[in-house]
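# Residue-level structure breakdown
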Amino acid sequence: MHGPGHNQRYAASESWLARAERSIPLGSQTFSKSRTQLPIGASPLFAERGEGPVLIDIDGNRYIDYVCSLGAITLGYNDPDVNAAVVAQAQKAVIMSLAGREETLLAEKIIDLIPCAEGVRFGKNGSDATAGCVRIARAHTRRDLVAVCGYHGWQDWYIGSTARHLGVPDSTREMTKKFTYNDIDSVTALFRAHPGEIAALILEPVAFEEPRDDFLHKLKDVAHANGALLIFDEVVTGFRFPGGSAQAMTGVTPDLAAIGKGMANGFPISAVVGRAELMKLMEEVFFSFTMGGELVSIAAAMATLDKGREKKVYDQLASVGQVLLVGVRDLIARHGLAETLSIVGQPSWQLIVMKDHASASSFDLKTLFIQECMRRGVFAIGIHFLSYAHTLDHVRQTLAAYDEVFAILADALKANDLRRRLDCEPLVPLFKVR
Ligand SMILES: Cc1ncc(COP(=O)(O)O)c(C=O)c1O
């Protein structure tokens, strides 16, 4: 059927959305999982469970999942080793009135695995970790400004610098400046404009662009020459990229780093890591919350990191991801879509970029793409997060689906009738930070 807002395939999702929105603003806890990102009528909106690389929605439809809970799933859903560790810990205690030894064991493991880590403090979300890094940098330098590049979470200090800054005071917004990836001049200009005022540069060290011209080394030099710290936001890249981090992959070691997302295969834990002298400051900088030493997530992180090392998980994400990346690139060319679509990023974290076309906007295109992928059992919204559970066979099935989807997109662009092919209202641009 055509027309927005009802599709038998997603009937349960649609009725639960209506119910959820009566008690939950947007019907979801996470902006990127809400109806703002998923077209009602052409996409599932609620999931029931996950099995390895597969997501099962509440209507019983199955998908090979390339969102992987926004990158939080690195091993696959319902990983037996993580589950066993979690059950064993839960039977002892979830959290206790004193610190557990497991906190130290995990900190030691992270120090082993992340180049800049000489000390570790745990948070729950990536935003805790980025905010912790920024507070340490401000305390260390006694400066107030920070310069950002990428997405760094929901808290005032960062989100105030974006279009979604409702509720953030102007005085806070003024503390955050922006620089451009691979543009060292945009950084030197900031230091010139605010001499002696910038505490830190914080960036996603490698996202959808490769660092060019030794950008990351230069950034570190420029930061230090100006008395500022370099912070890597490795919330996505930590325990996902080859070597286990972007700093391992690129050979550039920052002063501090934030990790989160995939470090516990979906259990809520993040960490501030960094040089010993800076981490020592955390004895004075307030970074403390009731759930900070929650041991089930710590057990999940131990199991995830052990498996990461034993099974060479990050190498597999890269090798399987590379087959997908190259395969998609070939299909884009084969369907004559290269002017409108491209695929960028690293093998374990890729993005299909969609541009406006004479006959359709990039958002119309994205909506049709999502509709047709979902219909074929591929949970894809343009981003590809790989997990260890994704095999070459899943990639082959995905490429076969994309072959059909790209044919439809090419046809729609040629026939200038994309909107007519939609079972839903097209998505609208809301929030772009990368
Ligand atoms: C690079 C990066 N930093 C920080 C965050 C914030 O993490 P969280 O949403 O867990 O607070 C995210 C989340 O998407 C992220 O991608």
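Remember, predicted model here, so these are calculated numbers, not experimental data.

## Focus: the overall build of the protein chain
- When you go through the protein chain residue by residue, the secondary structure sums to 15 helices and 14 strands.
- Its C-alpha atoms give the protein chain a radius of gyration of 22 Å, near enough to 22 Å, the size a compact globule of 434 residues would have.
- Based on the C-alpha atoms only, the size of the protein chain along its principal axes is roughly 60 × 55 × 45 Å.
- Counting only residues that meet the buried cut, the protein chain has 55% of its 434 residues in that class.
- Considering only residue pairs separated by 6 or more positions, the protein chain has 75% of its internal contacts joining residues 24 or more positions apart.
- Both charge centroids of the protein chain, one from 45 positive and one from 50 negative side chains, sit 2 Å from each other.

## A few points about the sheet that holds strand β2 (residues 54-57)
- Taken in spatial order, the 4 strands of this open sheet run β1-β2-β3-β13, and their pairing is mixed. Either end of the sheet is taken by a strand with one partner, and the two such strands are β1 (47-51) and β13 (378-379).

## Concerning the pattern of salt bridges
- Counted by the stated rule, this structure contains 21 salt bridges.
- Put simply, Glu-372 and Arg-375 hold a salt bridge, and the shortest N to O gap is 3.0 Å. Separated by 3 residues within a single helix, Glu-372 and Arg-375 lie in helix α14 (residues 362-375), roughly one turn from each other.
- As a salt-bridge pair, Arg-376 and Glu-404 come within 2.7 Å of each other at their nearest N and O atoms. Of the two residues, Arg-376 sits in the loop between α14 and β13 while Glu-404 sits in helix α15 (residues 392-415), which places them 28 residues apart along the sequence.
- We classify Arg-376 as partly exposed; its relative accessible area is 28%.
- Among the charged side chains, a network of salt bridges with common partners joins Glu-372, Arg-375, Arg-376, Glu-404 and Asp-423.

## Focus: unusual backbone geometry
- Even without being a glycine, Leu-26 presents a positive backbone phi close to 70°.
- Phi at Asp-213 is positive, roughly 60°, even though this residue is not glycine.
- With respect to the helices and strands, the residue Asp-213 is situated in the loop between β7 (198-203) and α9 (215-225).

## Remarks on the site of the ligand
- For the ligand, the full set of nearby residues is Asn-125, Gly-126, Ser-127, Tyr-151, His-152, Gly-153, Glu-204, Asp-233, Val-235, Val-236, Lys-261 and Arg-434.
- The contact in question runs from an oxygen atom of the ligand to an N or O atom on the backbone of Gly-126, over 2.8 Å.
- Interatomic distance of 2.8 Å between a side-chain N/O atom of Lys-261 and an oxygen atom of the ligand.
- If the ligand stood free it would expose 380 Å²; the protein chains cover 83% of that surface.
- Partitioning the shell around the ligand into residue classes produces 3 nonpolar, 5 polar and 4 charged.

## Concerning the environment of Phe-363
- Its location among the elements puts Phe-363 in helix α14.
- For Phe-363, a relative accessible area of 28% translates into the label partly exposed.
- Phe-363 sits 63 residues away from Pro-426 along the chain, and the two C-alpha atoms are 6.7 Å apart.
- Once residues lying within four places of it in the same chain are set aside, the contact partners of Phe-363 are Leu-427, Val-428 and Pro-429.

## As for the pairing of β1
- As judged from the 4 bridges shared by β1 and β2, these two strands associate in the antiparallel manner. Within β2, the residue paired with Ala-47 across the bridge is Asp-57.
- From the end of β1 to the start of β2, which pair antiparallel, there are 2 residues, and Gly-52 there has a positive phi angle of about 60°.

## Overview of the sheet that holds strand β11 (residues 341-346)
- Across the sheet, 3 strands lie side by side as β11-β12-β14; this open sheet has antiparallel pairing. Each edge of the sheet is formed by a strand with only one pairing partner; in this case those strands are β11 and β14 (383-385). Direction aside, neighbouring strands of the sheet carry axes that sit 15° apart on average.
- Sheet analysis places strand β12 (residues 349-354) next to β14, joined by 3 bridges and oriented antiparallel.

## Comments concerning the domain arrangement of the protein chain
- Domain boundaries in the protein chain define domain 1 (8-77 + 313-421) and domain 2 (80-310).
- In this assembly, 23 residues from domain 1 lie in contact with 24 residues from domain 2.
- Summed over both partners, the interface of domain 1 with domain 2 buries about 2,000 Å², with 61% contributed by carbon and sulfur atoms.
- The largest per-residue losses of area from domain 1 upon contact with domain 2 belong to Tyr-314, Gln-346 and Trp-349, which jointly make up 38% of the total buried on that side.
- Connecting domain 1 to domain 2 are 0 salt bridges.
- At the boundary of domain 1 with domain 2, the tally comes to 12 residue pairs in polar contact (both at pLDDT 80 or more).
- Secondary structure elements with two or more residues in the side of domain 1 that touches domain 2: α2 (68-71), α13 (313-334), β11, β12 and β14.

## Concerning α15
- For α15, with 24 residues, the first-to-last C-alpha span of 34 Å sits near the 34 Å given by 1.5 Å per residue.
- A positive phi of about 60° marks Asn-416, the residue just after α15.

## So, the packing of helix α8 (residues 184-193) against α9
- At a closest axis distance of 10 Å, the pairing of α8 and α9 adopts a crossing angle of 10°. Taken together, α8 and α9 sit at an angle that is classed as roughly parallel. Contacts between α8 and α9 involve Ile-184, Val-187, Thr-188 and Phe-191 from the former and Phe-215, Lys-218, Leu-219, Val-222 and Ala-223 from the latter.
- Grouping the amino acids of the contact of α8 with α9 by side-chain chemistry returns 7 nonpolar, 1 polar and 1 charged.

The rules behind each value
- Residues numbered from 1 in each chain as written.
- Predicted model: local features only at pLDDT ≥ 70, side-chain atom pairs only at ≥ 80, totals over all residues.
- Heavy atoms only, no water.
- Helix = DSSP H or I, 4+ residues; strand = E, 2+ residues; numbered from the N terminus.
- Rg over C-alpha atoms; globule rule 2.2 N^0.38 Å.
- Buried < 20%, exposed > 50% of the residue type's maximum accessible area, 1.4 Å probe, protein only.
- Contact = heavy atoms within 4.5 Å.
- Lys, Arg positive; Asp, Glu negative; His and termini not counted.
- Charge placed at Lys NZ, Arg CZ, Asp CG, Glu CD.
- Pairing = 2+ DSSP bridges.
- Salt bridge = Lys/Arg side-chain N within 4 Å of Asp/Glu carboxyl O.
- Near = heavy atom within 4 Å.
- Polar contact = N/O pair within 3.5 Å; in protein donor to acceptor, adjacent residues only side chain to side chain.
- Areas by Shrake-Rupley, 256 points an atom, 1.4 Å probe, with all protein chains shown as cover.
- Nonpolar A, V, L, I, M, F, W, Y, C, P; charged D, E, K, R; others polar.
- Axes fitted to C-alpha atoms, helices over the stretch in contact; angles between N-to-C directions.
- Domains from an automatic or database assignment.
- Buried area = accessible area lost by both parts, 1.4 Å probe.
- Expected span 1.5 Å × (residues − 1).
- Parallel < 35°, antiparallel > 145°, perpendicular 65-115°, else oblique.

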